[in-house]
Amino acid sequence: MNTQEKFVSPKGKLLIIGGKEDRNGTKVEIKNKNEEFSPHEILKLLVSDKRDRIEVITTASSEPESMRETYTKTFKEIGFTNFGFIHLTDKDENQYFERIKHSKTIFFTGGDQNTICNEINNSSILEILRERYVNEKDFLIAGTSAGAMCMPEIIIDEAEKEEAILENDIKLASGLGLLSGCIVDTHFIHRGRFGRLAHAVMIKRECFGIGLGEDTALLIENGHKAICKGSGMVIGISAKHLGKTNTDTGKKGHPVYGENLTVHIITEGCSVDLQSGKFTAADH
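The paragraphs below set out a description of the structure included in this document. (Residues numbered from 1 in each chain as written. Predicted model: local features only at pLDDT ≥ 70, side-chain atom pairs only at ≥ 80, totals over all residues. Heavy atoms only, no water.)

Things to note about the overall build of the protein chain
Now for step 1: For the protein chain, the count of helices and strands is seven helices and 15 strands.
Now for step 2: A buried classification covers 54% of the 284 residues belonging to the protein chain.
Now for step 3: Of the contacts formed within the protein chain by residues at least 6 apart in sequence, a portion of 74% connects residues at least 24 apart.
Now for step 4: For the protein chain, the accessible area works out to roughly 13,500 Å², and carbon and sulfur atoms hold 45% of it. (Helix = DSSP H or I, 4+ residues; strand = E, 2+ residues; numbered from the N terminus. Buried < 20%, exposed > 50% of the residue type's maximum accessible area, 1.4 Å probe, protein only. Contact = heavy atoms within 4.5 Å. Areas by Shrake-Rupley, 256 points an atom, 1.4 Å probe, with all protein chains shown as cover.)

A closer look at the nonpolar core
Now for step 1: By size, the foremost hydrophobic cluster in this structure holds 43 residues, and its most contacted members are I16, F108, I141, L176, I210, L218 and L274.
Now for step 2: The element contributing the most residues to this core is helix α5 (residues 124-135), with five residues.
Now for step 3: By size, the runner-up hydrophobic cluster in this structure holds 20 residues, among which are L43, V47, I54 and M67. (Core = buried A, V, L, I, M, F, W, Y, C linked by side-chain atoms within 4.5 Å.)

Remarks on the environment of G258
Now for step 1: As for its placement among the helices and strands, G258 is situated in the loop between β12 (233-238) and β13 (262-267).
Now for step 2: C-alpha separation for the pair G258 and T245, spaced 13 residues apart in sequence, amounts to 4.4 Å.
Now for step 3: Excluding residues within four positions of it along the chain, G258 makes contact with M202, L242, K244 and T245.

Thoughts on unusual backbone geometry
Now for step 1: Of note, the phi angle at S145 is positive, near 55°, even though the residue is not glycine.
Now for step 2: Residue class for S145 comes out buried when judged on its relative accessible area of 13%.
Now for step 3: Its identity as a non-glycine residue notwithstanding, H187 has a phi of 50°, on the positive side.
Now for step 4: One can find H187 in the loop between β8 (182-185) and α7 (194-203).

Digging into the side chain of D273
Now for step 1: By the element assignment, D273 lies in strand β14 (residues 271-273).
Now for step 2: Here D273 occupies a buried position and makes no salt bridge, while the nearest side chain of opposite charge, K225, is found at 6.5 Å.
Now for step 3: Separated by 3.2 Å, the side chains of D273 and H224 make a polar contact. (Lys, Arg positive; Asp, Glu negative; His and termini not counted. Salt bridge = Lys/Arg side-chain N within 4 Å of Asp/Glu carboxyl O. Polar contact = N/O pair within 3.5 Å; in protein donor to acceptor, adjacent residues only side chain to side chain.)

Considering the side chain of R132
Now for step 1: Within the fold, R132 resides in helix α5.
Now for step 2: Those residues in contact with R132 that lie beyond four places of it in its chain are I100, K101, H102, S103 and F139.

Considerations on the sheet that holds β8
Now for step 1: Reading across from one edge, β8-β9-β12-β13 is the order of the four strands in this open sheet, with mixed pairing throughout. Looking at strand neighbours, the two that pair on one side only are β8 and β13, the edges of this open sheet. On average, each strand axis in the sheet is tilted by 20° relative to the strand beside it, whichever way the strands run.
Now for step 2: Pairing between strand β9 (residues 208-212) and β12: five bridges, direction antiparallel. The residue bridging I210 from the neighbouring strand is G236, located in β12. (Pairing = 2+ DSSP bridges. Axes fitted to C-alpha atoms, helices over the stretch in contact; angles between N-to-C directions.)

So yeah, pure geometry; function would need other evidence.
What follows is the structure, given as structure tokens:
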């Protein structure tokens, strides 16, 4: 199945979050300085009607009970009244199929993106998520941290965190295939991940790199029209006009270089077309 052909213009929406979204009393350092800060702004986007069903998938987390406690408290503060939690594995996917089929929003928590992909890829759960995302206008798939990183066709499996980008220091893998033509990284500013995302898009030059800051998200419609929400920033990186580079010829352990990367700084209210890379400034 060619996911890029199937998901050219899905009717549903994606909400990808950089991690540490404002929840449960989380101290967002910027909130006292940024005039655009709004409490729980990102999580309020999960449903338009607080009575609608949200299924929270904690599969990525090694501490699902902690996730359950945190989001239960936050959702009640927001006023959500209809939500549940699923720690999904490939052994019990049939048990939760109907719940996922009838929810309004699916929300993947943080943890390890590889765990999500390993458990859900090639499953009936992923098939129903794809089907609903393509065909249902009011359906939303959201994810924070690892829950956002797992959504594209290609994901960052692992990468070294060094000052220099070195050949063979990054590994890419197959994601859930819900978002075409992009590679997503999270906790982007706080954890200094510019180098690894730049390296990823220099290897996969057809992909647009999305570096999500904490308490920051992109709300994506039609599979490619994205608007920024939250208190921080999103860094967009494109290598489509890459000039001189040694990504194809460098030897293991040698520093990688690249010319003419295109970079966007995307903040609250700004939008970007993930296919063309076209940036539109916020209207304020």
